[in-house]
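Structure assessment
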Amino acid sequence: MADEGHWFFCLKHMKVEEGPGCPDKIRMGPYDTKEQAEHALDTARDRNEAWDSQDS
């Protein structure tokens, strides 16, 4: 399976998952490491702030 060996952050359960898990439509990823998945929301927030500042 394509999800094997990858990490995801589930937005429904607010937790990290490895490999197949919840449907892709409710999770972020794939990430190469568990640590990257644990910081998925921080990464998204930082990117959104960077993109918003470019619009100014």
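Up top you'll find the structure we're talking about.
Model, not experiment: these values are computed from the prediction. (Residues numbered from 1 in each chain as written. Predicted model: local features only at pLDDT ≥ 70, side-chain atom pairs only at ≥ 80, totals over all residues. Heavy atoms only, no water.)

**Re the overall build of the protein**
The cut-off we apply is this: The secondary structure listing takes helices from DSSP runs of H or I that are at least 4 residues long and strands from runs of E that are at least 2 residues long, numbered from the N terminus. Three exposure classes are used, based on accessible area relative to the maximum for each residue type with a 1.4 Å probe and protein chains only: buried under 20%, partly exposed in between, and exposed over 50%. Whether two residues touch is decided by their heavy atoms; if any such pair falls within 4.5 Å, the residues are in contact.
Regarding its fold elements, the protein presents 2 helices and 3 strands. Element order for the protein, N to C, with α for helix and β for strand: β-β-β-α-α. The C-alpha extent of the protein, read off along each of the three principal axes, is 40 × 20 × 15 Å. The 56 residues of the protein split such that 23% are buried. Taking the contacts inside the protein whose residues are at least 6 apart along the sequence as the reference set, 25% of them involve residues at least 24 apart.

**Examining the packing of aromatic side chains**
Each pair of aromatic rings is reported with the distance of its centres and the angle of its planes. Note the following rule: Between the rings of Phe, Tyr and Trp (Trp by its six-membered ring), a pair exists once the centres lie within 6.5 Å; its type follows the angle of the planes, with under 30 degrees stacked, over 60 edge-to-face, and the other angles tilted. In this scheme, the term charge over a ring applies when either NZ of a lysine or CZ of an arginine sits within 6 Å of the ring centre and within 35 degrees of the ring normal.
Enumeration according to the criterion identifies 0 aromatic pairs in this entry. Positioned over the ring face of Phe-8 is Arg-27, at 3.6 Å from the centre of the ring.

**Looking at unusual backbone geometry**
Here the bond from Gly-29 into Pro-30 is cis, since omega is 15 degrees, no more than 30 degrees from zero. By the secondary structure assignment, Pro-30 is in strand S3 (residues 27–31). In this structure, Met-14 is a non-glycine residue whose phi angle is positive, near 55 degrees.

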